[in-house]
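Okay, here's what each chain looks like letter by letter:
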Amino acid sequence: FAMRLFLLFFLFGILLILLQTTLLHLLPIGPIIPDLTLVLCVYLGLYHPTVGAALGSFLIGYSVDVVSSPSRMVGLNAFAMSLVFLLVYFGSRSIWLQNPLVSSIVVLFAALVKSAALVLISAFFVSLEGFWIGATWYIIQEALAAAVLAPVVFGLLRAGENYAARFRAAGQ
């Protein structure tokens, strides 16, 4: 069962990375691309708080770094996704997060934290004058887009887990 879950999250992660870096750029929604990989990391932090899920969040972020534009510093998304996983994990231990609306709010805050971490680290290494003016509105829009799509992604992940559980039950 654990191997099936690993394969489910691995394949879903690859699919989300491909969607996020290619197909979603072709949609006529402007420069706003929902961070679907962040939604996966939030899901892992909420429902699968294990060392493997933490490593998976890091690898998802690293994969986004590798397949994104070559001008970015490799490791920023890996750091940000790991930070998001840890914050969601610690937050989920203290509050009940089973409601889809609450999960969407968690995704919204996680997207804001990730974006803030990326901007702060980028500003530390690269001087960008006037960057904050345009970036703030873009960050908020991207976070809202991820929060709106979170229930759909969470539903697909739960359906995949239920499908894997049925195979487990049928095999026993």
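In short, a report on the structure. (Residues numbered from 1 in each chain as written. Predicted model: local features only at pLDDT ≥ 70, side-chain atom pairs only at ≥ 80, totals over all residues. Heavy atoms only, no water.)

## Description of the packing of helix α2 (residues 36-47) against helix α4 (residues 76-94)
What counts, and what does not: Think of each axis as a best-fit line through the C-alpha atoms, taken over the contacting stretch in the case of a helix, with angles from 0 to 180 degrees between the N-to-C directions. Put simply, DSSP H or I for four residues or longer makes a helix, DSSP E for two residues or longer makes a strand, and each gets a number counted from the N terminus. When the near helix sits turned anticlockwise from the far one by under a right angle, the crossing is termed left-handed; a clockwise turn instead gives a right-handed crossing. Should any heavy atoms of two residues lie within 4.5 Å, those residues are counted as being in contact. Note on residue classes: Ala, Val, Leu, Ile, Met, Phe, Trp, Tyr, Cys and Pro are nonpolar, Asp, Glu, Lys and Arg are charged, and everything else, Gly too, is polar.
Where α2 meets α4, the closest approach of the two axes is 8 Å, and the angle between their N-to-C directions is 35°. Judged by the twist between their axes, the crossing of α2 over α4 is right-handed. Touching Thr 37, Leu 38, Cys 41, Val 42, Leu 44, Gly 45 and Leu 46 of α2 are Met 81, Val 84, Phe 85, Val 88, Tyr 89 and Ser 92, all from α4. Its residues placed into classes, the contact of α2 with α4 shows ten nonpolar, three polar and no charged.

## Brief notes about the nonpolar core
Inclusion rule: What we call a nonpolar core is a set of buried Ala, Val, Leu, Ile, Met, Phe, Trp, Tyr and Cys residues that are connected through their side-chain atoms within 4.5 Å. Accessibility here uses a 1.4 Å probe with only protein chains present; expressed as a share of the type maximum, an area under 20% marks a residue as buried, one over 50% as exposed, and anything in between as partly exposed.
If you look at the biggest cluster of nonpolar residues, it comprises 34 residues, and the most contacted ones within it are Phe 9, Leu 38, Leu 40, Val 42 and Val 107. Looking at this core, the elements that each hand over two or more residues are α1 (2-26), α2, α3 (51-67), α4, α5 (100-125) and α6 (131-171). No other element matches α2, which puts nine residues into this core. Excluding residues that lie within four positions of it along the chain, Leu 40 makes contacts with Phe 9, Phe 12, Gly 13, Leu 16, Ile 60 and Leu 157.

## Remarks on the packing of α3 against α4
To keep it simple, the criterion reads: In these notes the angle categories are as follows: under 35 degrees is roughly parallel, over 145 is roughly antiparallel, 65 to 115 is roughly perpendicular, and the rest is oblique.
With their axes 7 Å apart at the nearest point, α3 and α4 run at an angle of 150° to one another. Accordingly, the angle class assigned to the pair α3 and α4 is roughly antiparallel. Relative to α4, the crossing made by α3 is right-handed. Contacts from Ala 53, Ala 54, Ser 57, Phe 58, Gly 61, Tyr 62, Val 64 and Asp 65 in α3 reach Leu 76, Asn 77, Ala 78, Met 81, Ser 82 and Phe 85 in α4.

## Re the packing of aromatic side chains
One pair of aromatic rings is described through two measures. These are the centre distance and the angle between the planes. Heads up, the condition is: Paired rings are identified among Phe, Tyr and Trp, the last through its six-membered ring, by centres lying within 6.5 Å, and are further divided according to the angle between planes into stacked (under 30 degrees), edge-to-face (over 60) and tilted (the rest).
Following the criterion strictly, the structure yields seven aromatic pairs and no others. Seen from their ring centres, Phe 58 and Tyr 62 are 6.3 Å apart, and the 15° between their planes marks the pair as stacked. Remark: Tyr 62 and Phe 58 occur in helix α3; sequence separation between them is four residues, near one turn of the helix. Ring plane angle 55° and centroid distance 5.1 Å describe the contact between Tyr 89 and Phe 90, whose orientation is recorded as tilted. Look at Tyr 89 and you get partly exposed, because its relative accessible area is 23%.

## Quick notes on the environment of Ala 2
Within the secondary structure, Ala 2 sits in helix α1. Here Ala 2 falls in the exposed class, since its relative accessible area comes to 62%. Taking the C-alpha atoms as reference, Ala 2 lies 9.9 Å from Arg 168; in sequence the two are 166 residues apart.

## Quick word on the pattern of salt bridges
Heads up, the condition is: Salt bridge, as used here, is a side-chain nitrogen of Lys or Arg placed within 4 Å of a carboxyl oxygen of Asp or Glu.
For the coordinates displayed, the defined rule picks out one salt bridge. We note a salt bridge from Asp 35 to Lys 114, for which the minimum N-O separation is 2.5 Å. Residue Asp 35 is located in the loop between α1 and α2, and its partner Lys 114 is located in helix α5; the two are separated by 79 residues in the primary sequence. For Asp 35, a relative accessible area of 7% puts it in the buried group.

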